[in-house]
Amino acid sequence: MTLTEDDVRYVAELAHLELTGGEVKLFKLQLGAILEYMQKLNELDTANIEPMAQVLGPGAPNPSIRADRNVPCFPQEIALANAPDPGPGLFRVPSVIERE
Amino acid sequence: MRPTQVQGCSGCPASSNGNNILKESSADRRICGLRLFAHPTDKPRSHKGLGGADMASFGHVCDFRGSQTLQSARFLRHPLTRIVRPIPRHYTMDLTELNISQIRNALAAKQVSAEEICQEHLKRIGERDSEVRAYLTVTAERALAQARKVDRLVTEGRPLPALAGVPVAIKDAIVTRGVRTTCASKILENYVSPYDATAVERLESAGGVILGKTNCDEFAMGSSTENSAFFPTRNPVEPSRVPGGSSGGSAAAVAAHLATIALGSDTGGSIRQPAAYCGVAGMMGSYGRVSRYGLVAFASSLDHIGPFARSVADLACVLGVIAGRDPLDSTSVDVPVRDYGAALDGDVRGLKVGIPREYFEGLSSETGANIQKAVDLLARLGCEVHSISLPHTAFAIGCYYIIATAEASSNLARYDGVRYGFRSEDHKNGLREMYKKTRDAGFGAEVKRRIMLGTYVLSSGYYDAYYRKAQQVRSLIARDFLEAFDEVDVIVTPTSPFPAFKLGERVDDPLQMYLADIYTVNASLAGIPGISVPCGRTATKPCLPVGMQILARHFDEARLLQVAHAFEKAGGFAIA
């Protein structure tokens, strides 16, 4: 399996990245080499191995689920303070146009 | 130990050279914030004593310090002491060399103020950081305010908290209220956090004095700090070399005495590897040991916050402060926090130390030689050395870079130019274009590469082949460790296959850069704690630091620290 430039463009689209032509070429090579290296994992038979779903180790108390209660949160002006284009109580964005 | 000759103002370079400060390097310019407190043109302080409102003018040392030594300055600054005292020995001590307990003792004995310690560090940052470039932001104002708070505790005779007056550097991937947190990325260049990370809040509550925010690889993605969007940090031991990464700025700051301790983050070795490269100690607790609330997320199943220090006792002290359950991080767990300081002096005789065979393949011979000497030293201390196998080691890099990039692609989806951070103005065609242009202009090459990789391995048709497969291999790697810890108490390995490499040496080959993480990603995948301590330097010039990694069972940080401390006490840090 080799990575094509179309694959790179497709993945960039999924990731909301706009790549230049040069970046597409470079990533095709670099990501191709890395993905090829990752094929090494296929040397292992993992048919009967559970995917690891938690990292805490055996015997650790599971983190509890918190009660679903309202807790103090930032007031609107603080939540908006870092916004590139804040409006009155809102984040302003460019108009949404349907994808072709 | 160098005697301190305090020339000119402590902390404000303007008075020592009489030049326009704006002509100085950017590092000096950042220090200019200090002028608020210590400008030579301000009125002289009134000598009413230490603390209270009077402390506000405590910084005007440059008015009368001139070229006097600290000894006489001390006398001048304690006008209540009317008699000439013999000069105590500690005044010849460089305040940037003190460790946590020395700072504490000196404060309690009123031999020095927290503000002086803070000023001395800020001064050193002004002098030295134009070369090292460890800091992205120096928070002189916040530091001095906090130091004065500590000094008030001293004056009022109140008990001193664990880190009273200790100068701290914080990796810029950890948020600090009211201070720019950039994650070394253009996309967060002007981001000012509305809250403090839990670890930061705990450090400050314990009296820590935050000097500033340190450089790192953008979004903690890298092993050299060359991926910073702003500038690379240099290794203080040898400036042509990288400090390691991603927490390279924090490691360099501690190594260059630009802070006593520092916080970094470790996802696949980002504390342990730079600690090794810069010749300091660095530690990652077990997954869940330290709250990540306020750590900018990279790979959530792997991210840790942890400390850097120049001694194991200091690491233990900082870990004790930042560890423990935090309701704001649902992955932090309620496992009791040990008294790590008390655990240091335990007997290591009879302790079983495992040496994994797989970690010595492909190792540079110089690093191997130092590790061998380190293992010999542990044996002389009475540890039983056992050769062990961690059979899935060779699969760790592939496994790690699938899982870490998958999680990164998902975590970094939040940077879209809507709620915070940079937004591209080039978006005639609407919202979607705005996202893409923003992310294209805001992210650096390595971040884009990892987002691409992560998106690919999670994409339809590839998920099972990559992501699910990697999670299965992760189970095998974790099982290797569980089985090994049935046989041994700790595992000792090199931290990195080679010492600090040259700037630019690996930037063009991402896979080679990834492979440098071969000895650190395993423990991250398994969730076990790890520490890197210095074990001498390479025999040939430029004699670079070598790091030894110690790994232990989940939540057995005390054991790690105990072995590391015994090794340090036996002279292991300077092994030759």
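Small disclaimer: the values here were computed from a predicted structure and weren't measured.

Criteria and thresholds
Residues numbered from 1 in each chain as written. Chains lettered and ligands numbered in written order. Predicted model: local features only at pLDDT ≥ 70, side-chain atom pairs only at ≥ 80, totals over all residues. Heavy atoms only, no water. Helix = DSSP H or I, 4+ residues; strand = E, 2+ residues; numbered from the N terminus. Buried < 20%, exposed > 50% of the residue type's maximum accessible area, 1.4 Å probe, protein only. Contact = heavy atoms within 4.5 Å. Areas by Shrake-Rupley, 256 points an atom, 1.4 Å probe, with all protein chains shown as cover. Domains from an automatic or database assignment. Buried area = accessible area lost by both parts, 1.4 Å probe. Salt bridge = Lys/Arg side-chain N within 4 Å of Asp/Glu carboxyl O. Polar contact = N/O pair within 3.5 Å; in protein donor to acceptor, adjacent residues only side chain to side chain. Nonpolar A, V, L, I, M, F, W, Y, C, P; charged D, E, K, R; others polar. Pairing = 2+ DSSP bridges. Axes fitted to C-alpha atoms, helices over the stretch in contact; angles between N-to-C directions. 1 Å grid on protein atoms, 1.4 Å probe; cavity = no way out; pocket = protein on both sides within 12 Å on 5 of 7 lines; lining within 4 Å. Points joined across faces, edges and corners; volume = space filled by probe spheres on them. Expected span 1.5 Å × (residues − 1). Phe/Tyr/Trp six-rings, centres within 6.5 Å; stacked < 30°, edge-to-face > 60°. Lys NZ or Arg CZ within 6 Å of the ring centre and 35° of its normal. Parallel < 35°, antiparallel > 145°, perpendicular 65-115°, else oblique. Left-handed = near helix turned anticlockwise from the far one by under 90°.

1. Focus: the overall build of chain B
Part 1 of the argument: Each helix and strand counted, chain B has 21 helices and 11 strands in total.
Part 2 of the argument: A total of 576 residues make up chain B; the buried ones form 65% of that total.
Part 3 of the argument: Put simply, of all contacts in chain B between residues at least 6 apart along the chain, 75% involve residues at least 24 apart.
Part 4 of the argument: Accessible surface for chain B amounts to roughly 19000 Å². Of this, 51% is attributable to carbon and sulfur atoms.

2. A closer look at the domain arrangement of chain B
Residue and element names in this part refer to chain B.
Part 1 of the argument: Once the domains are mapped, chain B shows domain 1 (1–83), domain 2 (91–341) and domain 3 (344–398 + 465–574).
Part 2 of the argument: On the side of domain 3, 47 residues touch domain 2, which itself brings 47 residues to the contact.
Part 3 of the argument: Where domain 2 abuts domain 3, roughly 3600 Å² becomes buried across the two surfaces, and 63% of that area is made up of carbon and sulfur atoms.
Part 4 of the argument: On the surface where domain 2 and domain 3 come into contact, there are 0 salt bridges.
Part 5 of the argument: Scanning the region where domain 2 abuts domain 3 turns up 23 residue pairs in polar contact (both at pLDDT 80 or more).
Part 6 of the argument: Elements supplying a minimum of two residues to the side of domain 2 that touches domain 3: helix H11 (272–278), strand S5 (281–284), helix H12 (312–322) and helix H13 (340–343).
Part 7 of the argument: The dominant element in the side of domain 2 that touches domain 3, judged by the number of residues it contributes, is H11, at 6 residues.
Part 8 of the argument: Partitioning the side of domain 2 that touches domain 3 into residue classes produces 22 nonpolar, 16 polar and 9 charged.

3. Focus: the sheet that holds strand S4 (residues 261–266) of chain B
Residues and elements named next belong to chain B.
Part 1 of the argument: The strand order S1-S3-S2-S4-S6-S5-S10-S11-S9-S7-S8 describes an open sheet built from 11 strands, whose pairing is mixed. Either end of the sheet is taken by a strand with one partner, and the two such strands are strand S1 (135–138) and strand S8 (384–388). On average, each strand axis in the sheet is inclined to that of its neighbour by 30°, with strand direction left out of account.
Part 2 of the argument: Strand contacts of helix H18 (residues 464–487): strand S7 (352–356), S8, strand S9 (490–494) and strand S11 (545–552), with the helix running at about 120° to S9, the strand carrying the most contacts.

4. Some remarks on the pattern of salt bridges
Part 1 of the argument: One pass over the structure, following the stated rule, counts 30 salt bridges over all chains.
Part 2 of the argument: The shortest N-O distance in the salt bridge between Asp 85 of chain A and Arg 92 of chain A comes to 3.3 Å.
Part 3 of the argument: Owing to a relative accessible area of 39%, Arg 92 of chain A belongs among the partly exposed residues under this scheme.
Part 4 of the argument: In the salt-bridge network here, residues are joined through shared partners; they are Glu 18 of chain A together with Asp 426, Lys 428, Glu 433 and Lys 437 of chain B.

5. A closer look at the environment of Val 166 of chain B
Residue and element names in this part refer to chain B.
Part 1 of the argument: Inspection of the secondary structure puts Val 166 in the loop between helix H8 (140–155) and strand S2 (167–171).
Part 2 of the argument: It is 38 Å that separates the C-alpha atoms of Val 166 and Gln 512, two residues lying 346 residues apart in sequence.
Part 3 of the argument: When near neighbours in sequence (up to four residues on either side) are disregarded, Val 166 contacts Ile 100, Ile 103, Gly 207, Gly 208, Val 209, Thr 260 and Ile 261.

6. Some points on the interface of chain B and chain A
Size of an interface, as often reported, equals the accessible area lost when the parts are brought together.
Part 1 of the argument: If you look at the interface, chain B gives 76 residues, while chain A gives 54 residues.
Part 2 of the argument: Across the interface of chain B and chain A, roughly 5700 Å² is buried in total on both sides, 69% from carbon and sulfur atoms.
Part 3 of the argument: Taken together, chain B and chain A are joined by 5 salt bridges.
Part 4 of the argument: The partner of Glu 18 of chain A in a salt bridge is Lys 437 of chain B, and the shortest N-O contact between them spans 3.1 Å.
Part 5 of the argument: In this structure, the connection of chain B to chain A is made through 21 residue pairs in polar contact (both at pLDDT 80 or more).
Part 6 of the argument: In terms of residue class, the side of chain B that touches chain A is built from 39 nonpolar, 21 polar and 16 charged.

7. Some words on the layout of surface pockets
Part 1 of the argument: Estimates place the volume of the largest pocket at around 940 Å³.
Part 2 of the argument: Around the largest pocket sit 28 residues that line it, and Phe 74 of chain A together with Tyr 195, Tyr 293, Gly 294 and Leu 328 of chain B are the ones nearest its centre.
Part 3 of the argument: Classifying every residue of the lining of the largest pocket gives 18 nonpolar, 4 polar and 6 charged.

8. Here's the deal with helix H17 (residues 445–458) of chain B
Part 1 of the argument: For H17 of chain B, built from 14 residues, the straight-helix expectation of 20 Å at 1.5 Å per residue is met to within 8% by its first-to-last C-alpha distance of 20 Å.
Part 2 of the argument: Along H17 of chain B, 12 of the 14 residues are buried, which leaves the element largely enclosed by surrounding structure.
Part 3 of the argument: Elements in contact with the buried residues of H17 of chain B: helix H1 (5–14) and helix H2 (21–38) of chain A together with helix H15 (396–411), helix H16 (431–442), H18 and helix H19 (510–515) of chain B.

9. Thoughts on the packing of aromatic side chains
Part 1 of the argument: A full pass over the atoms with the stated rule returns 17 aromatic pairs over all chains.
Part 2 of the argument: Between the aromatic rings of Tyr 463 of chain B and Tyr 467 of chain B, the centroid separation amounts to 5.3 Å while the plane-to-plane angle is 45°, which identifies the pairing as tilted.
Part 3 of the argument: On the accessibility criterion, Tyr 463 of chain B (37% relative accessible area) is partly exposed.
Part 4 of the argument: Seen from their ring centres, Phe 481 of chain B and Phe 485 of chain B are 6.5 Å apart, and the 25° between their planes marks the pair as stacked. Of this pair, Phe 481 of chain B and Phe 485 of chain B are both found in helix H18, 4 residues apart, which corresponds to roughly one turn of the helix.
Part 5 of the argument: Residue Phe 481 of chain B is classed as buried on the basis of its relative accessible area, which comes to 2%.
Part 6 of the argument: By relative accessible area, which is 5% here, Phe 485 of chain B ends up buried.
Part 7 of the argument: The structure contains a cluster of three or more aromatic residues connected by ring pairs, namely Tyr 191, Phe 219, Tyr 415, Tyr 420 and Phe 443 of chain B.
Part 8 of the argument: The ring of Phe 395 of chain B has Lys 40 of chain A lying over it, and the distance from NZ or CZ to the ring centre is 5.2 Å.
Part 9 of the argument: If you follow Arg 133 of chain B out to its NZ or CZ, it ends over the ring of Phe 231 of chain B, 3.9 Å from the centre.

10. Remarks on empty space enclosed by the protein
Where empty space is left becomes clear once a probe the size of a water molecule has been rolled over the atoms.
Residue and element names in this part refer to chain B.
Part 1 of the argument: If you walk through the whole model with that rule in mind, you get 4 cavities of 30 Å³ or more.
Part 2 of the argument: Computed from the structure, the largest cavity encloses a volume of approximately 80 Å³.
Part 3 of the argument: Around the largest cavity, the lining comprises 15 residues; the ones closest to its centre are Gly 222, Ser 223, Gly 268, Ser 270 and Asp 517.
Part 4 of the argument: In terms of residue class, the lining of the largest cavity is made up of 4 nonpolar, 9 polar and 2 charged.

11. Looking at the packing of H12 of chain B against helix H21 (residues 557–569) of chain B
Residues and elements named next belong to chain B.
Part 1 of the argument: Here H12 crosses H21 at 160°, and the two axes come no closer than 9 Å. The angle between the axes of H12 and H21 places the two elements in the roughly antiparallel class. Once H12 is placed against H21, the crossing between them reads as left-handed. Contact residues: Val 312, Ala 313, Leu 315, Ala 316 and Leu 319 in H12; Glu 557, Leu 561, Ala 564, His 565 and Glu 568 in H21.

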